[in-house]
Amino acid sequence: MGWLEQLFQTQFLPADVYSVSRLPSKLEWTDVFGITTAGLVMSFLATIYPARRAAKTDPVEALRYE
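Residues numbered from 1 in each chain as written. Predicted model: local features only at pLDDT ≥ 70, side-chain atom pairs only at ≥ 80, totals over all residues. Heavy atoms only, no water.

Caption draft 1: Region of the structure containing helix 2 (residues 29–56). With 28 residues, helix 2 extends 41 Å between its outermost C-alpha atoms, agreeing within 8% with the 40 Å of an ideal straight helix rising 1.5 Å per residue. Along helix 2, the sharpest change in direction is near 25 degrees and occurs at Ile48; proline Pro50 comes one to four residues later. (Helix = DSSP H or I, 4+ residues; strand = E, 2+ residues; numbered from the N terminus. Expected span 1.5 Å × (residues − 1). Bend = angle between axes of the 7 residues up to and from the residue.)

Caption draft 2: Representation of the environment of Glu28 in the model. Looking at the element boundaries, Glu28 is found in the loop between helix 1 (2–8) and helix 2. Classification of Glu28 as partly exposed rests on a relative accessible area of 33%. Once the C-alpha coordinates of Glu28 and Gly39 are considered, the two residues, 11 residues apart in sequence, prove to be 17 Å apart. (Buried < 20%, exposed > 50% of the residue type's maximum accessible area, 1.4 Å probe, protein only.)

Caption draft 3: Inspection of a nonpolar patch on the surface at higher detail. Side chains of Trp3, Leu7, Phe8 and Phe12 sit close together on the surface and give an oily, nonpolar patch of about 500 Å² of accessible area. With respect to the helices, strands and loops of the structure, Phe12 is situated in the loop between helix 1 and helix 2. The class of Phe12 is partly exposed, set by a relative accessible area of 37%. (Patch = residues over 30% accessible without salt bridge, like charges linked within 9 Å, V, L, I, M, F, W, Y side chains within 5 Å. Areas by Shrake-Rupley, 256 points an atom, 1.4 Å probe, with all protein chains shown as cover. Salt bridge = Lys/Arg side-chain N within 4 Å of Asp/Glu carboxyl O.)

Caption draft 4: Representation of the pattern of salt bridges. With the rule as written, the count across this model stands at 2 salt bridges. Between Glu28 and Lys26 there is a salt bridge; the shortest N-O distance is 3.7 Å. Two residues, Arg64 and Glu61, come together in a salt bridge whose shortest N-O distance is 3.1 Å. Within this pair, Arg64 and its partner Glu61 are both found in helix 3 (residues 59–64), separated by 3 residues, close to a single helical turn.

So, in structure tokens, the structure goes:
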């Protein structure tokens, strides 16, 4: 965030306005991996029901009323 403040010549969290003048952050790769995995699993699970239902549909019956 420091390079953004230097780029825009401003301070995003001025100490005279906010009680916290900076927000510390640390990237944990285990968190990134866990969130990515959970997102992929939920996406996969969300596609199972529509795919199974579409597989059971007879194409002739589906196209008859188009």
